[in-house]
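Residue-level listing of the chains:
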2 protein chains.
Amino acid sequence: MTRRSSSVTIRDVARQAGVSVATVSRFINRNAPVSAEVAERLNQVMTELRYVPHAAARNLASRKTRVIGLLLNNLHNDFFVPLLNGVEAVVRKKEYNLIVATYHANSRNAMPPPIGPHNTDGLLVFSDGLVDEDLANLNASGFPMVLVHRTSPKNLEIPSVTVENIEITHRLVEHLIRIHGKHRILFMRGPLHQEDSVRREAGYKSALAANGIPFDEELVLNGEFERDIAFQVLNDFLSNGKHVAFDAVFTGDDDAAIGVMKALHEHKHRIPEDVAVIGFDDLGFAPFLNPPLTTVRAPTESVGRIATERLFELLENPASNGAVVLPTEIIFRRSCGCPA
Amino acid sequence: MTRRSSSVTIRDVARQAGVSVATVSRFINRNAPVSAEVAERLNQVMTELRYVPHAAARNLASRKTRVIGLLLNNLHNDFFVPLLNGVEAVVRKKEYNLIVATYHANSRNAMPPPIGPHNTDGLLVFSDGLVDEDLANLNASGFPMVLVHRTSPKNLEIPSVTVENIEITHRLVEHLIRIHGKHRILFMRGPLHQEDSVRREAGYKSALAANGIPFDEELVLNGEFERDIAFQVLNDFLSNGKHVAFDAVFTGDDDAAIGVMKALHEHKHRIPEDVAVIGFDDLGFAPFLNPPLTTVRAPTESVGRIATERLFELLENPASNGAVVLPTEIIFRRSCGCPA
DNA sequence: TGAAATAATGTAAACGGTTACAGTAAACGG
DNA sequence: CCGTTTACTGTAACCGTTTACATTATTTCA
């Protein structure tokens, strides 16, 4: 067999420097002493030959990839920028690589998850594509994972990083009711099984209940936490004559709030006079929307950073370590009816 | 040596199915016929054993990684969401993986690029961290690359995907001058050597020149195409008493425009009456800023998609194929002074 | 000073796949 | 009916590292 590879290998370096490959490997990984003399020679030879270790070979031999994966449902939301930013910063500092992949519940049938133990050392799981059973299997095999914006299935104890949703949503919706006298509050929810969406819906309902407002199924729309879908859905709702009255919209996230605002605009509803709008996340543009968006500030970059740090802790010391819930805070702006 | 690996290998599958590893490999890769009988048996055994091929081993043996890399300067801009989205969609369809890494000119001293021929099959280069010399070396070695928002160094012919900047900027700035009578237009530029920024500056200058307005060095600020930096810089500019008068701001990108608007707001300048603002990119939130942002629509998701498609073409057929420049279009909204 | 630890290096067996090469049996073509 | 494809399968070398084990020279120290 005549396999040809143009790339220079560790053997070339070893030969050129007159040492064994083991010594070169040790020098590269600094995991055993190498004489000063040899070290210098190797440095020289390596730059001269432009030697770069072959990642796959290292991975195979060492059974590490130096890659961590981030599994998302999709990339249709500005929300992911701060999240990615937090993740990437930590990954870079650790001199690891980051694989970003999308995978959601519906793609399960077609394909297995694109990233996992076979090509990463650990996973940051945002996606709902990995169902509880998958998580259980991976966890049982000792594969390091940290859940993001999602909590561990019962009796599995996978570490997670989330933000506080229910309490804050309750308070914000209650604000709409008590301060601004809104009683017909539409909820533009996210993906059906996404925890943030579920929790925000819970907070929404509990605020209604606490204030004697009956829950109306008709006032819940599926915006998928996506700008375009939220627009579409609300637009249809407003167009399709049914004319269910509402005087406020709680949009599960800021990005979808843009779609909501667009639909309201196009149907000549004034915000907040006719319809108040509130969001969630406090994305960078929220203060500059028209009107400025009342929302909940979620520390998204911190979520990414902390989740990644915990994943690295797990890599070094495979001891599970609970759930962290980061605090959130309401930011009042004009879209709810508050004065500028 | 006693190496232990808990994972099931191709040999386990082969033994269990009573065939050779070669047959299993062929079945997995579907690159040679396998009898129906064996195929079924393998399917069964593989799911039973939960066999997943080990990526590193495949990579090593096949000398392919099935990974493409996206190299960015940073992730501090909502602009990257549509870009990433376009890239990721194509990568997923091809059943490849995507490594996202940041690397910029200043990190060169500290580290080599985190991704390259050693861990990817090809690169989408947005970053300025890879200087012309690096590109030349990589290109000479036949490594597939596509430049994004950046054109090929002279006589290198690396494929690139960019958007039209100069002409459109010229027209937009001229609009500010001729229609809205602005004559002191501040330019909030991006990173010094970023081509979009350079070209937008060229369009800005040519519009000034074409309309008899002298270029004033003092009216150029470095906002780095980052929201927070743009805010900081303009805020300082407005605070530091120097009181250089201006009646408009051309912000090199929409994300930075948010920072600009914030600074203007805080200093009680009305937009567009006192100061007009125009951006670039037409990010999703642009129509909903207060006031709605006049900007240039750039097909960012298409840039990501097309660049990635071209990279895959390159993988299959290493023939260089020029530069594509996608058209852009001005979107007039209120921030420039146009009526709603 | 002799035993034990340490430093520096080499040899060669993995790691888990792919694939060139070879072989056998069945199908085809004239 | 026989030479030639074609379908299918197996053997084993190889991809480029890491690392267990072995070896020798040098320190350390009781």
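### Some details on the pairing of strand β1 (residues 67-72) of chain B
Along a regular strand, successive side chains alternate from one face of the sheet to the other.
All names here are of chain B.
Right, on to step 1. Most of β1 sits inside the fold, with 6 of its 6 residues counted as buried.
Right, on to step 2. Because side chains alternate across β1, one face comprises the buried residues Val67, Gly69 and Leu71, and the other comprises Ile68, Leu70 and Leu72, equally buried.
Right, on to step 3. Inspection of the sheet shows β1 paired to strand β2 (residues 97-102) by 6 bridges, in the parallel sense. Following the sheet pairing, Leu71 is matched in β2 by Ala101.
Right, on to step 4. What joins β1 to β2 is helix α5 (residues 80-93), and the crossover it makes is right-handed.

### Looking at the relation of the copies chain A and chain B
Right, on to step 1. For the match of chain A to chain B, the screw axis carries a shift of 0.2 Å, the RMSD comes to 0.3 Å, and the turn is 180°. Those values place the two copies in the arrangement expected of a two-fold rotation axis.
Right, on to step 2. Interface overlap between copies is the fraction of interface residues in one copy that are interface residues in the other; for chain A against chain B it reaches 98%, indicating a shared surface.

### Things to note about the environment of Pro33(B)
Residue and element names in this part refer to chain B.
Right, on to step 1. Positionally, Pro33 belongs in the loop between α2 (21-29) and α3 (36-48).
Right, on to step 2. Judged by the 9 C-beta atoms lying within 10 Å of it, Pro33 is exposed.
Right, on to step 3. Expressed as a C-alpha distance, the spacing of Pro33 and Thr23, which sit 10 residues apart in the sequence, is 9.1 Å.

### As for the environment of Thr151(B)
All names here are of chain B.
Right, on to step 1. Along the chain, Thr151 falls in the loop between β4 (145-148) and β5 (160-163).
Right, on to step 2. Given 16 C-beta atoms within a 10 Å radius, Thr151 is considered partly exposed.
Right, on to step 3. Along the chain, Thr151 and Val161 lie 10 residues apart, while their C-alpha atoms are 7.5 Å from each other.
Right, on to step 4. Once residues within four sequence positions are removed from consideration, Thr151 is found in contact with Ser160, Thr162, Glu195 and Ala323.

### Here's the deal with the interface of chain A and chain B
By a widespread convention, an interface's size corresponds to the accessible area lost as its parts come together.
Right, on to step 1. Contacts between chain A and chain B engage 42 residues on the former and 42 residues on the latter.
Right, on to step 2. At the level of elements, α4 (55-62), α5 (80-93), β2 (97-102) and α10 (254-266) of chain A are the ones that each hand at least two residues to the side of chain A that touches chain B.
Right, on to step 3. A class-by-class count of the residues in the side of chain A that touches chain B yields 23 nonpolar, 13 polar and 6 charged.

### Some thoughts on the sheet that holds strand β7 (residues 220-222) of chain B
Residue and element names in this part refer to chain B.
Right, on to step 1. Spatially, 4 strands are ordered β7-β6-β8-β9 in an open sheet, and the strand pairing comes out parallel. Looking at which strands have only one partner, the edges of the open sheet turn out to be β7 and β9 (276-278). Direction aside, neighbouring strands of the sheet carry axes that sit 20° apart on average.
Right, on to step 2. Across 3 bridges, strand β6 (residues 185-189) lies against β7 in parallel orientation. Across the sheet, Arg189 pairs through a bridge with Asn222, a residue of β7.
Right, on to step 3. Here helix α7 (residues 166-178) sits on the sheet and contacts β6, β8 (248-251) and β9; the angle it forms with β9, its principal contact strand, is near 170°.
Right, on to step 4. Contacting β6, β8 and β9, helix α10 (residues 254-266) runs over the sheet at an angle of about 155° to β8.

### Describing unusual backbone geometry
Most peptide bonds take the trans form, and the phi angle of most residues other than glycine is negative.
Right, on to step 1. In this model, Asn290(A) is joined to Pro291(A) through a cis peptide bond whose omega is 0°.
Right, on to step 2. In this structure, Pro291(A) sits in the loop between β9 (276-278) and β10 (295-297).
Right, on to step 3. Positive phi values are uncommon outside glycine, yet Arg30(A) reaches one of about 45°.
Right, on to step 4. Looking at the secondary structure, you find Arg30(A) in the loop between α2 (21-29) and α3 (36-49).
Right, on to step 5. In this structure, Asn155(B) takes a positive phi of about 40° despite not being glycine.
Right, on to step 6. Within the element layout of this structure, Asn155(B) appears in the loop between β4 and β5.
Right, on to step 7. Taking the number of C-beta atoms within 10 Å as the measure of exposure, Asn155(B) has 6 and is therefore exposed.

### Side note on the environment of Asp236(A)
Right, on to step 1. As for its placement among the helices and strands, Asp236(A) is situated in helix α9 (residues 227-239).
Right, on to step 2. Distance in space between the C-alpha atoms of Asp236(A) and Ala263(A) is 9.0 Å, their sequence separation being 27 residues.

### Quick notes on the packing of helix α1 (residues 10-17) of chain B against α3(B)
Residue and element names in this part refer to chain B.
Right, on to step 1. Two elements in contact, α1 and α3, have axes separated by 9 Å at closest approach and are oriented at 125°. Our classification of the angle between α1 and α3 gives oblique. The hand of the α1/α3 crossing is right-handed. Judged by residue contacts, Val13, Gln16 and Ala17 of α1 engage Arg41, Leu42, Val45 and Met46 from α3.
Right, on to step 2. For the contact of α1 with α3, the residue count by class is 5 nonpolar, 1 polar and 1 charged.

### Concerning the confidence of the model for chain A
As a general rule, the predicted coordinates of low-pLDDT regions are not to be interpreted in detail.
Right, on to step 1. Confidence in the prediction for chain A averages 93 pLDDT; 97% of positions are at 70 or higher.
Right, on to step 2. Taken together, the stretch residues 1-5 of chain A has pLDDT below 50 and engages in 1 contact with residues farther than four places along the chain or on a different chain.

### Focus: α4(A)
Right, on to step 1. Residues Ala55(A), Ala56(A), Arg58(A) and Asn59(A) constitute the buried set of α4(A). Considered in projection along α4(A), the buried side chains sweep an arc of 160° and stay on one side of the axis.
Right, on to step 2. Its buried side turned inward, α4(A) meets α4 (55-62) of chain B.
Right, on to step 3. In the segment just after α4(A), Arg63(A) is the residue with positive phi, at about 55°.

### Quick notes on the sheet that holds β9(A)
All names here are of chain A.
Right, on to step 1. As summarised here, the arrangement of the 4 strands in space is β7-β6-β8-β9, forming an open sheet in which the pairing is parallel. What marks the edges here is a single partner per strand, and that holds for β7 (220-222) and β9. Across this sheet, the average inter-strand angle for adjacent strands is 20°, counted without regard to direction.
Right, on to step 2. Contacting β6 (185-189), β8 (248-251) and β9, α10 runs over the sheet at an angle of about 155° to β8.

### Thoughts on helix α8 (residues 195-210) of chain B
All names here are of chain B.
Right, on to step 1. In this model α8 runs 22 Å from its N-terminal to its C-terminal C-alpha over 16 residues, within 8% of the 22 Å that 1.5 Å per residue would give.
Right, on to step 2. All of the buried residues along α8 are Asp196, Ser197, Arg199, Arg200, Glu201, Gly203, Tyr204, Ala207 and Leu208.
Right, on to step 3. Residues of α8 that are buried sit in contact with α7, β6 and β8.
Right, on to step 4. One or two residues past the end of α8 sits Gly212, with phi positive at roughly 65°.

Conventions we followed
Chains are numbered independently. Their residues run from 1 in the order of the written sequence. Lettering of chains starts at A and numbering of ligands starts at 1, both following the order in which they are written. In view of the model being predicted, local features appear only for residues whose pLDDT reaches at least 70, and side-chain atom pairs are presented and counted only at 80 or more, with totals across whole chains, interfaces and linings using the full set of residues. Three exposure classes are used, all based on how many other C-beta atoms lie within 10 Å of a residue's own C-beta (placed from the backbone): buried at 20 or more, exposed at 12 or fewer, and partly exposed between those limits. In DSSP terms, a helix is any run of H or I states spanning at least four residues, a strand is any run of E spanning at least two, and both are numbered starting from the N terminus. Whether two strands pair depends on DSSP finding at least two bridges between them. Handedness of a crossover: with both strands directed away from the viewer, a clockwise path from the first strand across the helix to the second marks it as right-handed. Fitting of the copies onto one another was done by least squares over C-alpha atoms, counting residues only where both copies have pLDDT of at least 70. For the purpose of contact definition, each residue receives a C-beta atom placed from its backbone, and two residues are in contact when these atoms lie within 7 Å. Side-chain classes are defined by residue name, with Ala, Val, Leu, Ile, Met, Phe, Trp, Tyr, Cys and Pro counting as nonpolar, Asp, Glu, Lys and Arg as charged, and the others, Gly among them, as polar. An axis is simply a line fitted to the C-alpha atoms; with a helix, the fit covers only the stretch in contact. Between two such axes, the angle follows the N-to-C directions and lies from 0 to 180 degrees. Throughout, the term roughly parallel applies to angles under 35 degrees, roughly antiparallel to angles over 145, roughly perpendicular to angles from 65 to 115, and oblique to all others. By convention, the crossing between two helices is left-handed when the near helix turns anticlockwise from the far helix through less than a right angle, and right-handed when the turn is clockwise. The pLDDT value expresses, per residue, how confident the predictor is, ranging between 0 and 100. The reported arc concerns the directions from the helix axis to the C-beta atoms and nothing else. To estimate how far a helix should reach, multiply one less than its number of residues by 1.5 Å.

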